[in-house]
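Listed here are the chains, written in short residue letters.
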Amino acid sequence: MLELNEGKRDDRTFFADVILPLAISKTYTYRVPQALKAQVAVGKRVVVQFGKSRIYTAIVYHISETPPQLYEAKYIMDVLDEIPVVNAHQISLWEWISSYYMCHIGEVMQAALPSALKLASETRVVLMKDAVYDKGELSDKEFLIMDALEIQPELKVSDIAKLLGQKSVFRLLKSLFDKGIIHISEEIAERFKPKQLTFLRLNSYYDEPENKRALFEILEKSPKQLEVLLAYMKLSRNAPSSVAKKDLLEESGCSSAILKTLITKEIFISESRVVSRLYEQDQALSPEFRLSDDQQAVSESIKTHFQDKDVTLLHGVTSSGKTQLYVKLIEEVIQSGKQVLYLLPEIALTAQIIERLRAYFGKKIGIYHSRIGDNERAEVWNKVLNKEYSVVLGARSAVFLPFSELGLIVVDEEHESSYKQYDPAPRYHARDTAIYLAHLHRSKVLLGSATPSLESYYNAKTGKYGFAELKQRYGDSNLPVIQVVSIAEETSRKTMQSHFTSVLVAEIKQALGRKEQVILFQNRRGYTPMLICKTCGYIPQCIHCDVSLTFHKSTGKLHCHYCGYKQDTVSVCPACGSTHIEQKGFGTEKIEDDLQFIFPDARISRMDLDTTRSKNSFQRILNDFEDQKIDILVGTQIVAKGLDFDKVTLIGIINADSLLNYPDFRAFEKSFQLLSQVGGRAGRRERQGKVIIQSHNIHHRVIDQVIHHNYEGLFRTEMTERKSFHYPPLYRMIRIDVKNKDQFVLNEAAQRLAAEFRNVLGARVLGPEDPLVTRVRNFFIKTMYIKIEREGISVSKVKNFLKSALLTFDTDKRNKGTIVQVDVDPY
DNA sequence: AGCACGCCGACT
DNA sequence: GTCGGCGTGCTC
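Just so we're clear, the structure is a prediction, and the values are computed from it rather than from any experiment.

**Observations regarding the overall build of chain A**
The helix and strand inventory of chain A stands at 23 helices and 35 strands. Put simply, 74% of the contacts in chain A that link residues at least 6 apart link residues at least 24 apart. Total accessible area computed for chain A in this model is approximately 38,800 Å², and 50% of it derives from carbon and sulfur atoms.

Okay, here's the thing in structure tokens:
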């Protein structure tokens, strides 16, 4: 690290600023002892004492020759690495994350480094299971540690230090760790429970035509079993090697006992597989597969975009073979000697995809996600560091790996909200972080999705990103139909019945006649989202939030949907005394009411936050719907949560126009993805699935562009011609938690902060939540959301503003409120 | 994050 | 008179 003049003694003293794995915003300066001078370097782990007794692994951030003026620096105790475990790009990335997501750099370090790489005095060490080691090869001190661990299987690092009578034992532990005989204790928590299904396949013995013929002859005598076999033949034609037990039993109409005999006879092989109905089942990646002409063309177009764009969005419908395309691109990049990061959301990282890519890339690919153990994490980290892996397939946290020269980052299913970390800081979005990481490496990013997020779509359409599409032609017969119906037109023809077009009413009638079910989607709770005085224009608003109050018929009160504030409804205008107060807009309550009037015999239920608030009500409604005790389900986005209904053939979106603003659009988008699957499912069952979108302005560009675009290929579209392209304004939501032990002080502080946001930034402020304040021990915490226009106010402006707001908080003693958490949402 | 220091209530 | 509650502030 240091330039030494040959032959001349170097008596300079160096000081290292280090990052500690703690929620502290500063770096701390330590003195480099002469003995360690040659070893200390930026990015290496060092052992330092912090405070009276605590010892941590820190990362060297900066080295200087200037001693601190105001205090005497402590010495670095030890250096753990021969080569830095963290490179300069990573430190830049950490800095960016801590500034963009407003957290401490130590928190980023905490999230980034596997815990095996950051021993602290409280870390617990355990013996490796079935560890084989030669006692003769251990040093005396190592031997002592092992002896202690044989007696007591779990020891704190500080206990070991006490045992040996020395302060720093990290180096010793690292040596034992490297020998593979101890590891870091971890609580194994299997939080993630994947959905499993039993699949069946015919024993490969019967692939031979003559064996198959023989099988048919044998089964002649047992007709029931033959039926199962025939059903299997039928099903496997569409989906080879993925015949689900459930489907097979249904198709054959046989009991599971009959199937069981077939399995015992080894005619069928049963296997249980993790399924994810959200993700495509791609074709197998045989070592020599070739891209189709379509895939090849799209791949070329992506490469062309990469010549002048850093990011390209690939819009590819489900099972259009996106994975195959990625694999070929990845292969090209690694052949040029660069590394590739392939990100997938946690739930999409199934055993199949991992196995398939492992089979294809062999030892060159590393897997990194939250379900692998910490030792394995450290191993992957080191292999990326040593460039043993040129590809890493990973979830969110894989963006933190020590890549030295990335050539490409693939972010698949880029719209997935699980890329955003919510709970502990750093609250980063892996997709956006990946884009910044790529920028540091001068690498390219490919975002892939069948249903791109609006912000990515926006960036693609405005030319910031490249855009490529991978389409797949479907047979038209069983595709669900999507139809946009004009409310405006029906209004002028006077064929509207309340909020329902004649088209929707007719479709509902037909579906009910066929004993099929209907889901109606209206993303507004309550009866009427707004009251307005026709005389003076007064609108009852929440006393805390910048929103109008929603009238709820069930309570007879006006509710604020952001903070929960309630007040009695008004029949006389408080501003002018007029009684001419009009209800504007409609919510699920009103849809339910009006629908019952049109279909008096139909069994209608409503599913929104209000009807599912109590403990089991959500499941009860779902069960009732599944058991066909309900004909029509009216609901908000919540209906998309448990959707998996066979008898649903019609989905109606009552008013698409009201969904086009954030954050509604986000919910609508998500729901629509799920609704489209229900539609598709209905189609597969040889019923015509249909989605009807009602809209005032049928030419609305968002409906035309986004919906049409995203779902082309999934639906047969009956759309009007497309008009010019305009997006609704995109917003950023910034969440701020404010904390204080005194509720009154907290209120006042939050109000002041909200007022400042409104006045200074012109932002909309939602919350602070009054009755819904959370209590943590003896603190009150309020959450408020600041809604700012994405194009209008930059995040840095907000952050600067926050800093000054924080200052006024701290200087004003009486109104001291602490901002405990800030969260930047990309939408 | 931890941990010490410090200032107020119920105990041998 | 002291033990212990947690509120506040510091850690290179």
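**So, the UniProt feature "binding site: Zn(2+) 2" (unreviewed entry) in chain A**
Per the UniProt record, the feature "binding site: Zn(2+) 2" (unreviewed entry) sits at Cys542, Cys545, Cys560 and Cys563. Given a relative accessible area of 3%, Cys560 falls into the buried group.

**Some points on the nonpolar core**
Trp94, Leu173, Leu341, Val399, Leu401 and Ile409 are the most contacted members of the largest nonpolar core, which totals 78 residues. Excluding residues that lie within four positions of it along the chain, Leu173 makes contacts with Leu119, Val125, Ile145, Val157, Ile160 and Ile182. In terms of nonpolar packing, the next biggest core, distinct from the first, is built from 33 residues, Leu291, Phe306, Leu357 and Ala395 among them.

**Structural notes on the packing of helix H3 (residues 140–151) against helix H4 (residues 157–164)**
Between H3 and H4, the least distance of the axes is 11 Å, while the angle of their chain directions is 125 degrees. Taken together, the axes of H3 and H4 are oblique relative to one another. Along this stretch, H3 crosses H4, giving a crossing that reads as right-handed. Counted together, Lys141, Leu144, Ile145 and Ala148 of H3 and Ile160, Leu163 and Leu164 of H4 form the full contact between these two elements. Tallied by class, the residues present in the contact of H3 with H4 amount to six nonpolar, no polar and one charged.

**Structural notes on the packing of aromatic side chains**
Think of a pair of aromatic rings as described by two things: how far the centres are apart, and how the planes are tilted against each other in angle. Taken as a whole and assessed by the stated rule, the structure comprises 13 aromatic pairs. Where Trp96 meets Tyr100, the ring centres are 5.1 Å apart and the plane angle is 15 degrees; that geometry is what we call stacked. Residue Trp96 and its partner Tyr100 are both found in helix H1 (residues 88–100); the two are separated by four residues, about one turn of the helix. Each member of the pair, Trp96 as well as Tyr100, carries the same accessibility label: buried. Geometrically, the ring pair formed by Tyr360 and Phe361 is edge-to-face, given 5.1 Å between the ring centres and 80 degrees between the ring planes.

**A word on the protein's contact with DNA strand B**
Around DNA strand B, the neighbouring residues are Leu22, Ala23, Ile24, Arg54 and Tyr56. The share of sugar and phosphate among atoms of DNA strand B within 4 Å of the protein is 62%.

**Concerning the sheet that holds strand E17 (residues 444–449)**
Working definition: the strands of a sheet are paired by backbone hydrogen bonds and lie parallel or antiparallel to each other. What the seven strands build is an open sheet, ordered E14-E15-E13-E16-E17-E12-E18; its pairing is parallel. One side of each edge strand has no neighbouring strand; the edge strands of this open sheet are strand E14 (365–368) and strand E18 (466–470). Recorded for the sheet is a direction-independent mean angle of 15 degrees between the axes of neighbouring strands. Relative to E17, strand E12 (residues 311–316) runs parallel, the two sharing five bridges.

**Observations regarding the side chain of Ser397**
Structurally, Ser397 is set in the loop between strand E15 (391–394) and strand E16 (406–412). In contact with Ser397, not counting residues within four places along its chain, are Tyr368, Arg377 and Tyr428.

**Some thoughts on the side chain of Gln694**
By secondary structure assignment, the location of Gln694 is in strand E29 (residues 690–695). Within the structure, the side chain of Gln694 is placed 2.9 Å from the backbone oxygen of His499, a separation counted as a polar contact. Within polar-contact distance, the side chain of Gln694 engages the backbone oxygen of Ile654 at 2.9 Å. Aside from chain neighbours lying at most four places away, what touches Gln694 is Val485, Ile487, His499, Phe500, Thr501, Leu504, Ile653, Ile654, Asn655 and Ala656.

**Details of the confidence of the model for chain A**
Should pLDDT be low for a region, the predicted coordinates there are not to be read in detail. For chain A, per-residue confidence averages 80 on the pLDDT scale, and 77% of positions sit at 70 or higher. Confidence, read as mean pLDDT per element, is least for strand E30 (residues 716–718) in chain A (45) and greatest for strand E13 (residues 339–343) (98). This stretch, residues 276–282, has a pLDDT under 50; its non-local contacts, to residues over four places away or in other chains, come to 27 contacts. Across residues 713–727 the pLDDT falls below 50, and counting only partners more than four positions away or on other chains, this stretch makes 53 contacts in the model.

**Side note on the pairing of E17**
With six of six residues buried, E17 is to be regarded as a mostly interior element. Burial of the side chains of E17 extends over both faces: Lys444, Leu446 and Gly448 are buried on one face and Val445, Leu447 and Ser449 on the other. Of the pairings in the sheet, the one linking E16 to E17 comprises five bridges and is parallel in character. Bridge pairing in E17 places Val410 opposite Leu446. Crossover E16 to E17 through helix H14 (residues 430–441) is right-handed.

**Comments concerning the pattern of salt bridges**
Taken as a whole and judged by the stated rule, the model has 27 salt bridges. Of the charged contacts in the structure, one is a salt bridge between Arg525 and Asp610, with a shortest N-O distance of 3.0 Å. Of this pair, Arg525 sits in the loop between strand E20 (517–521) and strand E21 (530–533) while Asp610 sits in the loop between strand E26 (604–607) and helix H19 (617–626), placing them 85 residues apart in sequence. Since its relative accessible area comes to 23%, Asp610 is described here as partly exposed.

**Focus: the sheet that holds strand E24 (residues 566–568)**
Strand order in the open sheet formed by three strands is E22-E23-E24, and the pairing between neighbours is antiparallel. What marks the edges here is a single partner per strand, and that holds for strand E22 (550–552) and E24. Strand-to-strand twist across the sheet, computed as the mean angle between neighbouring axes with direction ignored, equals 35 degrees.

**Quick look at unusual backbone geometry**
Residues Ala425 and Pro426 are joined by a peptide bond in cis, for which omega reads 0 degrees. Mapped onto the fold, Pro426 is located in the loop between E16 and H14. Of note in this structure, Lys494 is not a glycine but carries a positive phi near 60 degrees. The residue Lys494 is located in the loop between helix H16 (487–493) and helix H17 (502–513) in this model. The class of Lys494 is exposed, set by a relative accessible area of 71%. In this structure, Gln628 takes a positive phi of about 55 degrees despite not being glycine. On the secondary structure map, Gln628 appears in the loop between H19 and strand E27 (632–635). The exposure class of Gln628 is partly exposed, given its relative accessible area of 28%.

**Regarding the pairing of E26**
Pairing of E26 with E27 involves four bridges; the strand directions are parallel. Pairing of Ser605 across the sheet is with Leu633, part of E27. The handedness of the E26 to E27 crossover, carried by H19, is right-handed.

**Quick word on the state of the cysteines**
If you walk through the whole model with that rule in mind, you get zero disulfides. Here Cys536 stays unpaired: no disulfide links it, and the sulfur of Cys576, its closest cysteine neighbor, is 3.6 Å away. The class for Cys536 is partly exposed, based on a relative accessible area of 40%.

**Remarks on the packing of H1 against H14**
Closest axis-to-axis distance for the H1/H14 pair is 10 Å, and the angle between their directions is 140 degrees. Relative to H14, the element H1 is oriented oblique. As H1 packs across H14, the resulting crossing turns out to be right-handed. Along the contact surface, H1 presents His89, Ser92, Leu93, Trp96 and Ile97, while H14 presents Asp432, Thr433, Tyr436, Leu437, Leu440 and His441. In terms of residue class, the contact of H1 with H14 is built from six nonpolar, four polar and one charged.

**Points about helix H18 (residues 588–598)**
Note on helix geometry: an α-helix contains 3.6 residues per turn, so any two residues three or four positions apart are oriented the same way. Taking burial as the measure, the eleven residues of H18 include eight buried ones, the bulk of the element. Residues Thr588, Glu589, Lys590, Ile591, Glu592, Asp594, Leu595 and Ile598 constitute the buried set of H18. On the buried face of H18, the contacting elements are H17, E20, E22, E26 and E27.

Scoring rules and cut-offs
Residues numbered from 1 in each chain as written. Chains lettered and ligands numbered in written order. Predicted model: local features only at pLDDT ≥ 70, side-chain atom pairs only at ≥ 80, totals over all residues. Heavy atoms only, no water. Helix = DSSP H or I, 4+ residues; strand = E, 2+ residues; numbered from the N terminus. Contact = heavy atoms within 4.5 Å. Areas by Shrake-Rupley, 256 points an atom, 1.4 Å probe, with all protein chains shown as cover. UniProt positions renumbered as here; feature names shortened; annotations may be inferred. Buried < 20%, exposed > 50% of the residue type's maximum accessible area, 1.4 Å probe, protein only. Core = buried A, V, L, I, M, F, W, Y, C linked by side-chain atoms within 4.5 Å. Axes fitted to C-alpha atoms, helices over the stretch in contact; angles between N-to-C directions. Parallel < 35°, antiparallel > 145°, perpendicular 65-115°, else oblique. Left-handed = near helix turned anticlockwise from the far one by under 90°. Nonpolar A, V, L, I, M, F, W, Y, C, P; charged D, E, K, R; others polar. Phe/Tyr/Trp six-rings, centres within 6.5 Å; stacked < 30°, edge-to-face > 60°. Near = heavy atom within 4 Å. Pairing = 2+ DSSP bridges. Polar contact = N/O pair within 3.5 Å; in protein donor to acceptor, adjacent residues only side chain to side chain. pLDDT = per-residue confidence, 0-100. Right-handed = clockwise from strand over helix to strand, strands pointing away. Salt bridge = Lys/Arg side-chain N within 4 Å of Asp/Glu carboxyl O. Disulfide = S-S within 2.5 Å.

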